[in-house]
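# Structural characterization, general
Spelled out from the first residue to the last, the chains are:
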Amino acid sequence: MKSNLGVLLRQWSLLAVVGGTVVSAEPVHGGSDSAPCPQRIVSCGADLTEIVTLLDRGDSLVGVDDSSQLVGAQKELPRVGYKRALNIEGVLSLRPDLVIATADAGPPHVLQRLNELGIDILMLPEEKTVPGTIERIEKLSSRICAVAEGEELVKPLLDLESPPRWEEPPRVLFIYARGGGVVNVSGRGTAADEMIRLAGAINAVNDYAGYRPMTAEGLISAQPDVILFTDHGLEALGGVEAASRLPGLAKTKAGRNQSIVAVDELMLLGFGPRVDEAVDMLVDSIGSRLGSLPKP
Amino acid sequence: MGISLVGKRLDAGNRAFGLALLGLVAASVIYLCLGAMRISLTEVLRVLTGGEAEQMSWLVVRDLRLPRVLLAWLIGSGLALSGATQQAVFRNPLADPGLLGVTTGAALGASVFILVAGGTPTSPVVGSWIDLGLVTSAFVGGLLATALAWILSAGGRSRDTAHLLLGGIAVNTMCASAIGLIFFLVDDVQLRSITFWTLGSIGSANWSSLLLLLPFSLVGLVVLPRLARALDLLQLGEADASFLGVDIRRVRVVAIVVSTATVAAAVAVAGPITFVGLVVPHLVRLVFGASHRIVLPMSALVGALLLTIADLLSRTLVAPAELPVGIVTSMVGAPFFAWLLFVGRSRRQA
């Protein structure tokens, strides 16, 4: 048994050495002119799946992660699981020639191993900002031979850097209810904070970064005009009626006027290729609650 | 007559041990044949015997499935054997390897590492430095927690194990509240990493994680079964056992130190895997009686068998994705255990 194991280990390390040298002779990341157009793509991220589909390369997808089911249309594709818990054999069994992922996918050693086995891995930036989205589209479209489609897709996003101007910018407070009684409020530097800025509004909470649990006093002192939810979050809390009874909310303008807006989570926080439509929708929903729209 | 009864028990024990061993081998062969990649039995056999085989099947069978099934053996046997030992030492059927804080301590160690390192690793595995850091941090956390429980209970000096149990409860509570505090401090991604770690997985097994765990498991598998006679006598009560020549303090120290190290190493590599340590010893006792000469080795074997079957299901049920194995162990084990309890009850009533 022991000597068997020794033989196994020697053979394995030999394989690793051989595999390593073969791979290092080739470019690790895509985008080079010589790399062939991928025919079998595994996508680890809902926004990436959406980009590939909108680039008209949906036919090349052979597998997606669990979050991609939210994008719809890809329901019949094999699912490789949660993108942070990929397993080597599962991905290998789809025989992909390209795996696309953002830096939060993993575990890192699985991606590294797949790369050593000769599968091209395209790592894309994960920044939840418009420039981040544009960079994802550009890098992805050049790797999967869809440069022209990519330029089309990016065009509407370029206008987003000049947000609409409200007569009086509304103060918006984003509440993230993840279920199980966890109710958090977004501060600076989150995807929600960026979306509020892109809609020309002001994040009512800017004295901390990231998310913090909601408190009644915090709600009142933020003085929001509008409360923003994800649709799942509002559902988890029990709908508009239940949400307007949140402690402290009745003492704010948003609570008195029942100015509560719910937006699809993936649209609001995903910074996918259709982030321009998401911003328009957010502006419209806020405007219809307040009875005034920003100047075009 | 008493002697011949014990002799019969041991004979039956030998047969059962052989049967369970056969079961483990059979389950492992099926394990090596099934998976997201379709590889035929003959191809698997060619790979295992070093014959001509496709490079991909060679890689999947030898490099992914084989180390993983061996890891399932080591972790399953280590958890169940440690559970059986601790139940005997504390003479408490609800004792499990986490009683003295080793699992919660390891979870705290892992959480602290994820908090400090920024949450990149999602499953504890050796291969890159960051994962090795996670494994070490969880291992040290588990050992420190148990050491603290030991110190709090005045070094286990009292004849009674109740103090040690209370020390364990105190440490478990402290670690759990510290983890709660970390939940508050981490961002969303780190939170998901911690949650995923606590589900337990051996999905990231490779030869290096196997080699890392091997020494700890071997010490446990060699040392703990040797305590069988002392543990049997201990069931008479600590005073009686002591009159019969058992060095209680020595047995207690050896049992706790070795089982803690075994469990800490297993949890560090795979995360907490519930059910195996608590229920497998009971399962064995229900079928084979309470003699530790049978319970200890059988627990190790059945623990390995249960985890192998559970991980086989975790790899194949939702392929190409995977279920966390910690969920599957109780899904598989709990109904079987309930059935055994039910059958045992009706047999006693008859």
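Residues numbered from 1 in each chain as written. Chains lettered and ligands numbered in written order. Predicted model: local features only at pLDDT ≥ 70, side-chain atom pairs only at ≥ 80, totals over all residues. Heavy atoms only, no water.

Residues and elements named next belong to chain A. Read from one edge to the other, the open sheet built from four strands follows the order S2-S1-S3-S4, with strand pairing classed as parallel. Unpaired on one side and paired on the other, strand S2 (61–64) and strand S4 (120–124) mark the two borders of the sheet. Strand after strand, the sheet turns through a mean of 20° between neighbouring axes, direction not considered. In terms of strand pairing, strand S1 (residues 41–44) meets S2 through three bridges, oriented parallel. Looking at the pairing, Val42 lines up with Gly63 of S2. With respect to the sheet, helix H5 (residues 130–143) is in contact with strand S3 (98–102) and S4, its orientation differing from that of S4 by roughly 160°. (Pairing = 2+ DSSP bridges. Helix = DSSP H or I, 4+ residues; strand = E, 2+ residues; numbered from the N terminus. Axes fitted to C-alpha atoms, helices over the stretch in contact; angles between N-to-C directions. Contact = heavy atoms within 4.5 Å.)

This part covers the nonpolar core. Counting residues in each nonpolar core, the largest one holds 116 residues, and the members touching the most others are A:Leu92, B:Ile75 and B:Ile273. Not counting the four nearest positions on each side in its chain, B:Ile75 is found in contact with B:Ile202, B:Leu213, B:Ala266, B:Ala270, B:Ile273 and B:Leu307. (Core = buried A, V, L, I, M, F, W, Y, C linked by side-chain atoms within 4.5 Å. Buried < 20%, exposed > 50% of the residue type's maximum accessible area, 1.4 Å probe, protein only.)

We now examine the interface of chain A and chain B. Every contact between the two is made by 30 residues of chain A and, on the other side, 33 residues of chain B. Taken together, chain A and chain B are joined by three salt bridges. Applying the counting rule to chain A against chain B returns six residue pairs in polar contact (both at pLDDT 80 or more). Elements that contribute at least two residues to the side of chain A that touches chain B include exactly helix H1 (2–24), helix H3 (88–92), helix H4 (108–116), strand S5 (171–179) and strand S8 (211–213) of chain A. In terms of residue count, H1(A) provides more of the side of chain A that touches chain B than any other element does, six residues in total. Across the side of chain A that touches chain B, the residue classes tally to 17 nonpolar, six polar and seven charged. (Salt bridge = Lys/Arg side-chain N within 4 Å of Asp/Glu carboxyl O. Polar contact = N/O pair within 3.5 Å; in protein donor to acceptor, adjacent residues only side chain to side chain. Nonpolar A, V, L, I, M, F, W, Y, C, P; charged D, E, K, R; others polar.)

Nothing here speaks to function; it is all geometry.
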